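Here is what each chain is made of, one letter per residue.
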Amino acid sequence: MEKIEIRKYFKKRCNNFTLENNTQVLSKKLQNLLKGLNWVEFQKAAIYHPFKSEVSLSALKEDYPHICWLYPQKDQSFSEESYTSPHSIKEIDLFLVPGVAFDHQCRRLGRGAGFYDKVLSQANRALKIGVSWSVQLSLEPLPEEEHDIRMDACVNEKFILYSPHFFEKHKEVQ
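The structure reproduced in this document is the subject of the present report.

Quick notes on the rules
- Residues numbered from 1 in each chain as written.
- Predicted model: local features only at pLDDT ≥ 70, side-chain atom pairs only at ≥ 80, totals over all residues.
- Heavy atoms only, no water.
- Helix = DSSP H or I, 4+ residues; strand = E, 2+ residues; numbered from the N terminus.
- Contact = heavy atoms within 4.5 Å.
- Polar contact = N/O pair within 3.5 Å; in protein donor to acceptor, adjacent residues only side chain to side chain.
- Core = buried A, V, L, I, M, F, W, Y, C linked by side-chain atoms within 4.5 Å.
- Buried < 20%, exposed > 50% of the residue type's maximum accessible area, 1.4 Å probe, protein only.
- Pairing = 2+ DSSP bridges.
- Salt bridge = Lys/Arg side-chain N within 4 Å of Asp/Glu carboxyl O.

### As for the environment of Arg-13
Inference 1: Here Arg-13 lies in helix H1 (residues 3–15).
Inference 2: As a C-alpha pair, Arg-13 and Val-135 span 122 residues in sequence and 6.4 Å in three-dimensional space.
Inference 3: Apart from residues lying up to four places away in sequence, Arg-13 is in contact with Val-135 and Leu-137.
Inference 4: Among the polar contacts listed, one links the side chain of Arg-13 to the backbone oxygen of Val-135, at a separation of 3.4 Å.

Given below as structure tokens:
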């Protein structure tokens, strides 16, 4: 199946998915994943303004006020919500990344513009976590091109998937 057809399929599944109670469950799953990491080390984290069916992560800002939360801008930069001057991609410690679909190998299918692939290709040291609903998990491997960036982990309201290199990259998580 082509990427365009896969996007349509998962967007339809997501639109039919009810969000009742799932937001709180997902928030707890994400916090469980991140509890093993030393949050004190995170100074800058990239978050996003969700589209209608995407997961909202606004509660994290309240739970971790010491982190400078950054949002994507049209020019492929990230800045604070007050739209201050952009921060360097290389300074960001954590990326919480939305997607149309993810698979068991932490491949991500985005909206098709390549924004996150371009940005994440510059963020080698940062932890990259895909955030979605369980209905966005593909049981089949997603198509992958040379420029596509895999996530270190993916989280949804039902479970957490770790990439093969996650524990090597982040040994403090057990």
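Next, the rest of the story.
### What about the side chain of Arg-107?
Inference 1: One can find Arg-107 in the loop between strand E5 (101–103) and strand E6 (108–109).
Inference 2: Within the structure, the side chain of Arg-107 is placed 2.7 Å from the side chain of Asp-103, a separation counted as a polar contact.
Inference 3: In this structure the side chain of Arg-107 is engaged in a polar contact, spanning 3.3 Å, whose partner is the side chain of Glu-144.
Inference 4: Setting aside chain neighbours within four positions, we find Arg-107 in contact with Ala-101, Phe-102, Pro-141, Leu-142, Glu-144 and Arg-150.

### As for the nonpolar core
Inference 1: Grouped together as the largest cluster of nonpolar side chains are 47 residues, with contacts concentrated most on Leu-57, Phe-78, Phe-95, Leu-96, Ile-129 and Val-131.
Inference 2: Residue assignment for this core shows that the elements contributing at least two residues are helix H2 (22–35), strand E1 (44–46), strand E2 (68–72), strand E4 (94–98), helix H4 (115–120), strand E7 (127–131) and strand E9 (153–155).
Inference 3: Residues contacting Val-131, with those up to four places away along its chain left out, are Leu-26, Tyr-48, Val-55, Leu-57, Leu-96, Val-97, Pro-98, Gly-99, Phe-102 and Val-155.

### A short note on the pairing of E7
Along a regular strand, successive side chains alternate from one face of the sheet to the other.
Inference 1: Counting buried positions along E7 yields five of five residues, so the element is predominantly enclosed.
Inference 2: Residues of E7 alternate between two faces, with Leu-127, Ile-129 and Val-131 on one and Lys-128 and Gly-130 on the opposite face, all of them buried.
Inference 3: Looking at chain direction, E4 and E7 are connected through five bridges and run parallel. Paired with Pro-98 across the two strands is Val-131, which belongs to E7.
Inference 4: Here three bridges tie E7 to E9, and the two strands are oriented parallel to one another.

### Here we look at the sheet that holds strand E10 (residues 160–162)
Inference 1: Sheet architecture is open: seven strands sit in the order E3-E2-E1-E4-E7-E9-E10, paired in mixed fashion. The sheet is open, and its two borders are formed by strand E3 (78–79) and E10, each paired with just one other strand.
Inference 2: Pairing of E9 with E10 involves three bridges; the strand directions are antiparallel. Bridge pairing in E10 links Cys-154 to Leu-161.

### Digging into the pattern of salt bridges
Where charged atoms from two side chains of opposite charge approach closely, those side chains can pair.
Inference 1: The full count for this structure, using the stated rule, is nine salt bridges.
Inference 2: For Lys-3, the salt bridge is made with Glu-145, and the minimal N-O distance between the two is 3.4 Å. Here Lys-3 is found in helix H1, whereas its partner Glu-145 is found in the loop between strand E8 (137–138) and E9, with 142 residues between them in sequence.
Inference 3: When its relative accessible area of 16% is taken as the criterion, Lys-3 is described as buried.
Inference 4: Each of Asp-103, Arg-107, Glu-144 and Arg-150 takes part in salt bridges that share partners, so that together they form one network.

### A short note on the sheet that holds E8
Inference 1: On the basis of which strands lie adjacent, the open sheet formed by three strands has the order E6-E5-E8 and mixed pairing. Looking at strand neighbours, the two that pair on one side only are E6 and E8, the edges of this open sheet.
Inference 2: Pairing between E5 and E8: two bridges, direction parallel. Note on E8: the bridge partner recorded for Asp-103 is Ser-138.

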